[in-house]
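# Reading the structure
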Amino acid sequence: MIAGTMSYAFALEPGFRMMTCEHKIKPTSWPSDFQLRIVALADPHIGEPYMSLDRLERIVEKANALKPDLIVLLGDYVAGHRFISKTISVRDAAKVFAQLKSPLGTYAILGNHDWWDDPRAQQSRQGPVQAQRDLEAEGIPVLENDALKLHHKGSSFWLLGLGDQYAFPDQRQGYIGRDNLPGLMNRITDDDPAILLAHEPDIFPEVSSRIALTMSGHTHGGQVRLFGYSPIVPSKYGNRYAHGHIVEKNCNLVVSGGLGCSILPIRFGIPPEITVVNLG
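About the criteria used
- Residues numbered from 1 in each chain as written.
- Predicted model: local features only at pLDDT ≥ 70, side-chain atom pairs only at ≥ 80, totals over all residues.
- Heavy atoms only, no water.
- Pairing = 2+ DSSP bridges.
- Helix = DSSP H or I, 4+ residues; strand = E, 2+ residues; numbered from the N terminus.
- Axes fitted to C-alpha atoms, helices over the stretch in contact; angles between N-to-C directions.
- Contact = heavy atoms within 4.5 Å.
- Buried < 20%, exposed > 50% of the residue type's maximum accessible area, 1.4 Å probe, protein only.
- Arc of directions from axis to C-beta.
- Salt bridge = Lys/Arg side-chain N within 4 Å of Asp/Glu carboxyl O.
- Core = buried A, V, L, I, M, F, W, Y, C linked by side-chain atoms within 4.5 Å.

## Section: the sheet that holds strand β13 (residues 273-279)
As summarised here, the arrangement of the five strands in space is β1-β13-β2-β3-β4, forming an open sheet in which the pairing is mixed. What marks the edges here is a single partner per strand, and that holds for β1 (19-25) and β4 (106-108). Ignoring which end each strand starts from, the neighbouring axes of this sheet average 20° apart. In the sheet, strand β2 (residues 36-41) pairs with β13 via five bridges, with the strands oriented antiparallel. Residue L36 lies in a different strand from β13, and its bridge partner there is L279. Together, β1, β2, β3 (70-73) and β13 form the strand contacts of helix α2 (residues 53-65), whose direction differs from that of β13 by roughly 20°.

Dropping the structure here:
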(Lines give C-alpha, C1' and ligand atoms only; values in the text may rest on other atoms or scores of the structure.)
Protein backbone atom coordinates (compact mmCIF):
# COMPACT_ATOMS: atom_id res chain seq x y z
CA MET A 1 0.00 0.00 0.00
CA ILE A 2 2.81 2.40 0.88
CA ALA A 3 4.59 1.62 -2.39
CA GLY A 4 1.39 2.26 -4.32
CA THR A 5 0.80 5.58 -2.59
CA MET A 6 4.38 6.68 -3.26
CA SER A 7 4.09 5.69 -6.92
CA TYR A 8 0.88 7.70 -7.24
CA ALA A 9 2.36 10.77 -5.51
CA PHE A 10 5.68 10.75 -7.37
CA ALA A 11 4.49 9.61 -10.80
CA LEU A 12 0.78 9.42 -11.56
CA GLU A 13 -0.60 12.60 -10.02
CA PRO A 14 2.22 15.02 -10.99
CA GLY A 15 2.94 13.42 -14.35
CA PHE A 16 -0.40 12.29 -15.75
CA ARG A 17 -3.41 13.80 -13.99
CA MET A 18 -4.88 17.15 -15.05
CA MET A 19 -8.00 18.93 -13.83
CA THR A 20 -9.84 22.14 -14.62
CA CYS A 21 -10.63 24.26 -11.58
CA GLU A 22 -13.36 26.81 -12.36
CA HIS A 23 -14.47 29.81 -10.30
CA LYS A 24 -17.49 32.08 -10.78
CA ILE A 25 -16.82 35.44 -9.12
CA LYS A 26 -18.82 38.66 -8.97
CA PRO A 27 -16.59 41.32 -7.39
CA THR A 28 -18.35 44.47 -6.28
CA SER A 29 -15.86 46.55 -8.29
CA TRP A 30 -16.55 44.63 -11.50
CA PRO A 31 -19.57 45.58 -13.65
CA SER A 32 -22.23 42.89 -13.31
CA ASP A 33 -23.03 43.07 -17.03
CA PHE A 34 -19.40 42.60 -18.10
CA GLN A 35 -18.75 38.88 -18.62
CA LEU A 36 -15.07 37.90 -18.85
CA ARG A 37 -13.64 34.37 -18.96
CA ILE A 38 -9.99 34.01 -18.00
CA VAL A 39 -7.81 30.91 -18.27
CA ALA A 40 -4.67 30.89 -16.12
CA LEU A 41 -1.66 28.58 -16.49
CA ALA A 42 0.66 28.73 -13.51
CA ASP A 43 3.97 27.14 -12.55
CA PRO A 44 4.58 24.72 -15.43
CA HIS A 45 8.20 24.10 -14.25
CA ILE A 46 9.11 22.78 -17.67
CA GLY A 47 11.39 19.77 -18.09
CA GLU A 48 11.11 16.06 -18.75
CA PRO A 49 9.77 13.68 -17.60
CA TYR A 50 7.07 15.60 -15.73
CA MET A 51 6.45 18.52 -18.10
CA SER A 52 7.53 17.61 -21.61
CA LEU A 53 6.74 19.71 -24.67
CA ASP A 54 4.20 17.08 -25.71
CA ARG A 55 2.40 17.44 -22.41
CA LEU A 56 2.57 21.21 -22.63
CA GLU A 57 1.01 21.03 -26.10
CA ARG A 58 -1.88 19.00 -24.68
CA ILE A 59 -2.36 21.59 -21.93
CA VAL A 60 -2.43 24.37 -24.52
CA GLU A 61 -5.01 22.45 -26.57
CA LYS A 62 -7.18 22.00 -23.49
CA ALA A 63 -6.82 25.68 -22.54
CA ASN A 64 -7.91 26.73 -26.03
CA ALA A 65 -10.88 24.36 -25.89
CA LEU A 66 -12.12 26.22 -22.78
CA LYS A 67 -12.72 29.23 -25.08
CA PRO A 68 -11.34 31.96 -22.83
CA ASP A 69 -11.55 35.68 -23.52
CA LEU A 70 -8.11 36.16 -21.98
CA ILE A 71 -5.20 33.86 -21.11
CA VAL A 72 -2.62 34.65 -18.44
CA LEU A 73 0.64 32.88 -17.58
CA LEU A 74 1.49 33.25 -13.89
CA GLY A 75 5.23 32.52 -13.82
CA ASP A 76 7.79 29.83 -12.91
CA TYR A 77 8.47 28.44 -16.35
CA VAL A 78 11.87 26.90 -15.48
CA ALA A 79 12.01 23.50 -13.79
CA GLY A 80 13.00 24.55 -10.28
CA HIS A 81 14.09 21.06 -9.19
CA ARG A 82 16.88 18.61 -9.95
CA PHE A 83 14.74 15.65 -10.97
CA ILE A 84 14.96 16.37 -14.69
CA SER A 85 15.85 13.80 -17.32
CA LYS A 86 15.91 16.38 -20.11
CA THR A 87 16.12 20.16 -19.82
CA ILE A 88 13.73 22.18 -21.97
CA SER A 89 14.42 25.84 -22.67
CA VAL A 90 11.79 28.45 -21.96
CA ARG A 91 12.20 29.51 -25.59
CA ASP A 92 10.99 26.09 -26.76
CA ALA A 93 8.13 26.21 -24.27
CA ALA A 94 7.27 29.74 -25.40
CA LYS A 95 6.79 28.44 -28.94
CA VAL A 96 4.09 26.17 -27.51
CA PHE A 97 2.55 28.93 -25.38
CA ALA A 98 2.39 31.04 -28.54
CA GLN A 99 -0.28 28.60 -29.80
CA LEU A 100 -2.67 29.77 -27.06
CA LYS A 101 -5.68 31.51 -28.57
CA SER A 102 -8.13 34.02 -27.12
CA PRO A 103 -9.70 37.29 -28.32
CA LEU A 104 -7.66 39.40 -25.89
CA GLY A 105 -4.42 37.45 -26.24
CA THR A 106 -1.93 35.96 -23.79
CA TYR A 107 -0.02 37.91 -21.14
CA ALA A 108 2.64 36.69 -18.73
CA ILE A 109 4.35 37.57 -15.48
CA LEU A 110 7.54 36.11 -14.01
CA GLY A 111 8.00 33.86 -10.99
CA ASN A 112 10.77 33.51 -8.43
CA HIS A 113 12.36 30.52 -10.20
CA ASP A 114 12.59 32.51 -13.43
CA TRP A 115 14.83 34.91 -11.50
CA TRP A 116 16.67 32.36 -9.35
CA ASP A 117 17.68 30.24 -12.34
CA ASP A 118 19.25 33.19 -14.20
CA PRO A 119 22.84 33.63 -12.91
CA ARG A 120 23.39 36.87 -14.80
CA ALA A 121 20.28 38.45 -13.32
CA GLN A 122 21.20 37.25 -9.83
CA GLN A 123 24.67 38.76 -10.12
CA SER A 124 23.56 42.08 -11.57
CA ARG A 125 20.25 42.29 -9.64
CA GLN A 126 18.71 43.43 -12.90
CA GLY A 127 16.54 42.08 -15.68
CA PRO A 128 15.29 41.16 -18.09
CA VAL A 129 15.77 37.50 -17.25
CA GLN A 130 16.17 34.94 -20.01
CA ALA A 131 12.63 33.67 -19.49
CA GLN A 132 11.27 37.13 -20.27
CA ARG A 133 13.39 37.40 -23.42
CA ASP A 134 12.19 33.98 -24.55
CA LEU A 135 8.50 34.71 -24.00
CA GLU A 136 8.66 38.10 -25.67
CA ALA A 137 10.59 36.65 -28.61
CA GLU A 138 7.53 34.48 -29.29
CA GLY A 139 5.14 37.42 -29.05
CA ILE A 140 3.97 36.98 -25.44
CA PRO A 141 4.15 40.28 -23.50
CA VAL A 142 5.61 40.06 -19.99
CA LEU A 143 4.17 42.53 -17.49
CA GLU A 144 6.61 43.52 -14.74
CA ASN A 145 5.20 46.37 -12.65
CA ASP A 146 3.34 47.33 -15.79
CA ALA A 147 -0.31 47.94 -16.66
CA LEU A 148 -2.27 48.03 -19.86
CA LYS A 149 -5.85 48.76 -20.85
CA LEU A 150 -7.79 46.01 -22.61
CA HIS A 151 -11.13 46.37 -24.39
CA HIS A 152 -13.70 43.60 -24.82
CA LYS A 153 -17.31 43.63 -26.03
CA GLY A 154 -17.75 47.35 -25.44
CA SER A 155 -16.17 47.37 -21.98
CA SER A 156 -12.64 48.11 -20.77
CA PHE A 157 -10.47 46.98 -17.89
CA TRP A 158 -6.91 47.24 -16.65
CA LEU A 159 -4.54 44.27 -16.55
CA LEU A 160 -1.67 44.74 -14.09
CA GLY A 161 1.42 42.58 -13.71
CA LEU A 162 3.45 42.77 -10.49
CA GLY A 163 7.20 42.16 -10.35
CA ASP A 164 8.25 39.06 -8.44
CA GLN A 165 8.30 39.45 -4.66
CA TYR A 166 11.17 37.00 -4.04
CA ALA A 167 13.44 37.64 -7.01
CA PHE A 168 16.76 37.87 -5.14
CA PRO A 169 17.68 35.66 -2.17
CA ASP A 170 19.57 37.80 0.34
CA GLN A 171 21.44 36.63 3.46
CA ARG A 172 20.45 39.66 5.52
CA GLN A 173 16.97 40.46 4.27
CA GLY A 174 15.78 37.01 3.24
CA TYR A 175 14.56 38.11 -0.16
CA ILE A 176 14.61 41.30 -2.19
CA GLY A 177 11.69 41.67 -4.54
CA ARG A 178 11.09 43.38 -7.84
CA ASP A 179 7.53 44.26 -6.84
CA ASN A 180 6.29 47.85 -6.70
CA LEU A 181 2.59 47.77 -5.95
CA PRO A 182 2.16 51.52 -5.22
CA GLY A 183 3.91 52.44 -8.47
CA LEU A 184 1.86 49.89 -10.36
CA MET A 185 -1.41 51.25 -8.97
CA ASN A 186 -0.38 54.70 -10.14
CA ARG A 187 -0.44 53.37 -13.70
CA ILE A 188 -4.25 53.21 -13.49
CA THR A 189 -5.55 56.47 -14.91
CA ASP A 190 -9.35 56.06 -14.82
CA ASP A 191 -12.19 54.26 -13.03
CA ASP A 192 -12.30 51.13 -15.17
CA PRO A 193 -12.00 47.87 -13.18
CA ALA A 194 -8.61 46.22 -12.72
CA ILE A 195 -7.15 42.71 -12.51
CA LEU A 196 -3.79 42.11 -10.82
CA LEU A 197 -1.42 39.27 -11.71
CA ALA A 198 1.04 38.51 -8.88
CA HIS A 199 3.05 35.31 -8.88
CA GLU A 200 3.12 34.98 -5.08
CA PRO A 201 -0.17 35.52 -3.21
CA ASP A 202 1.63 37.08 -0.22
CA ILE A 203 0.99 40.57 -1.60
CA PHE A 204 -2.77 40.14 -1.14
CA PRO A 205 -3.11 41.87 2.28
CA GLU A 206 -1.72 45.02 0.65
CA VAL A 207 -4.16 44.93 -2.28
CA SER A 208 -7.04 47.39 -2.08
CA SER A 209 -10.62 46.86 -3.20
CA ARG A 210 -9.73 49.01 -6.22
CA ILE A 211 -8.53 45.68 -7.67
CA ALA A 212 -11.47 43.50 -8.68
CA LEU A 213 -9.42 40.30 -8.78
CA THR A 214 -5.90 39.20 -7.90
CA MET A 215 -4.59 36.03 -9.59
CA SER A 216 -1.59 34.13 -8.25
CA GLY A 217 0.25 30.84 -8.47
CA HIS A 218 3.49 29.85 -6.69
CA THR A 219 2.10 27.65 -3.92
CA HIS A 220 1.13 24.61 -6.05
CA GLY A 221 -1.53 24.16 -3.37
CA GLY A 222 1.27 22.87 -1.15
CA GLN A 223 1.77 19.91 -3.55
CA VAL A 224 0.41 17.67 -0.78
CA ARG A 225 -3.12 18.55 0.37
CA LEU A 226 -5.55 16.53 2.46
CA PHE A 227 -9.00 17.67 3.61
CA GLY A 228 -8.24 21.26 2.58
CA TYR A 229 -4.94 21.40 4.50
CA SER A 230 -1.35 21.42 3.21
CA PRO A 231 1.49 20.65 5.64
CA ILE A 232 3.95 22.84 3.75
CA VAL A 233 3.01 25.94 1.77
CA PRO A 234 5.69 28.30 0.36
CA SER A 235 4.03 31.40 1.80
CA LYS A 236 4.55 33.35 4.99
CA TYR A 237 0.80 33.01 5.48
CA GLY A 238 0.77 29.22 5.30
CA ASN A 239 -2.59 27.74 4.33
CA ARG A 240 -4.32 31.11 4.30
CA TYR A 241 -3.47 31.56 0.62
CA ALA A 242 -2.62 27.99 -0.34
CA HIS A 243 -5.23 27.39 -3.03
CA GLY A 244 -8.54 28.46 -4.50
CA HIS A 245 -10.81 31.49 -4.15
CA ILE A 246 -10.18 33.66 -1.09
CA VAL A 247 -12.18 36.74 -0.10
CA GLU A 248 -10.83 39.23 2.44
CA LYS A 249 -11.96 42.81 3.09
CA ASN A 250 -14.14 42.75 -0.03
CA CYS A 251 -11.10 41.75 -2.14
CA ASN A 252 -10.95 38.59 -4.28
CA LEU A 253 -7.91 36.35 -4.75
CA VAL A 254 -7.66 33.19 -6.83
CA VAL A 255 -4.59 31.01 -6.24
CA SER A 256 -4.00 28.39 -8.90
CA GLY A 257 -2.80 24.96 -7.91
CA GLY A 258 -0.43 25.16 -10.85
CA LEU A 259 0.77 22.63 -13.38
CA GLY A 260 4.18 21.45 -12.25
CA CYS A 261 6.31 20.74 -9.20
CA SER A 262 9.27 22.41 -7.54
CA ILE A 263 11.85 21.19 -5.00
CA LEU A 264 10.44 17.63 -5.18
CA PRO A 265 8.39 16.12 -8.04
CA ILE A 266 5.50 15.12 -5.82
CA ARG A 267 1.77 15.84 -5.74
CA PHE A 268 -0.87 14.21 -3.59
CA GLY A 269 -4.44 15.44 -3.25
CA ILE A 270 -3.82 18.52 -5.41
CA PRO A 271 -3.55 17.46 -9.07
CA PRO A 272 -2.10 19.80 -11.71
CA GLU A 273 -4.75 22.24 -12.83
CA ILE A 274 -5.83 24.69 -15.47
CA THR A 275 -7.54 27.53 -13.64
CA VAL A 276 -10.62 29.26 -15.04
CA VAL A 277 -12.20 32.43 -13.67
CA ASN A 278 -15.56 33.71 -14.89
CA LEU A 279 -16.10 37.34 -13.91
CA GLY A 280 -19.43 39.14 -13.94
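That shown, we press on.
## Details of helix α3 (residues 90-97)
Every α-helix winds through 3.6 residues per turn, so residues three or four apart in the chain are directed the same way. Among all positions of α3, only V90, A93, A94, V96 and F97 are buried. Relative to the axis of α3, the buried residues are bounded by an arc of 155° and lie together on one face. Against the buried residues of α3 lie β2, α2, β3 and α6 (130-137).

## Focus on the pairing of strand β11 (residues 244-248)
With five bridges connecting them, β11 and strand β12 (residues 251-255) associate as antiparallel partners. Paired with G244 across the strands is V255, a residue of β12. Here β11 folds back onto β12 in antiparallel fashion, the turn holding two residues, of which K249 has a positive phi close to 50°.

## Considerations on the pattern of salt bridges
Going through the model one piece at a time under the given rule, you end up with nine salt bridges. Between R178 and E144 there is a salt bridge, with the nearest N and O atoms lying 3.0 Å from each other. Residue R178 is located in the loop between β8 (174-176) and α7 (181-185), and its partner E144 is located in the loop between α6 and β5 (146-152); the two are separated by 34 residues in the primary sequence. Take R178: its relative accessible area is 25%, and that puts it in the partly exposed class. The closest approach of N and O atoms between K149 and D192, which form a salt bridge, is 3.0 Å. Placement of the pair is K149 in strand β5 and D192 in the loop between α7 and β9 (194-197), with a sequence separation of 43 residues.

## Some points on the nonpolar core
Judged by nonpolar contacts, the single largest core of 34 residues is most densely connected at L41, L73, Y77, F97 and L135. Contributing elements (two or more residues each) for this core: β2, α2, β3, α3, α6 and β13. It is α3 that provides the largest number of residues to this core, a total of five residues. Beyond its immediate sequence surroundings of up to four residues, L135 is in contact with L73, Y77, V90, A94, F97, A108, I140 and V142. Judged by nonpolar contacts, the second largest core, of 26 residues, contains F34, I38, L150 and V254.

Keep in mind these values describe shape, not function.
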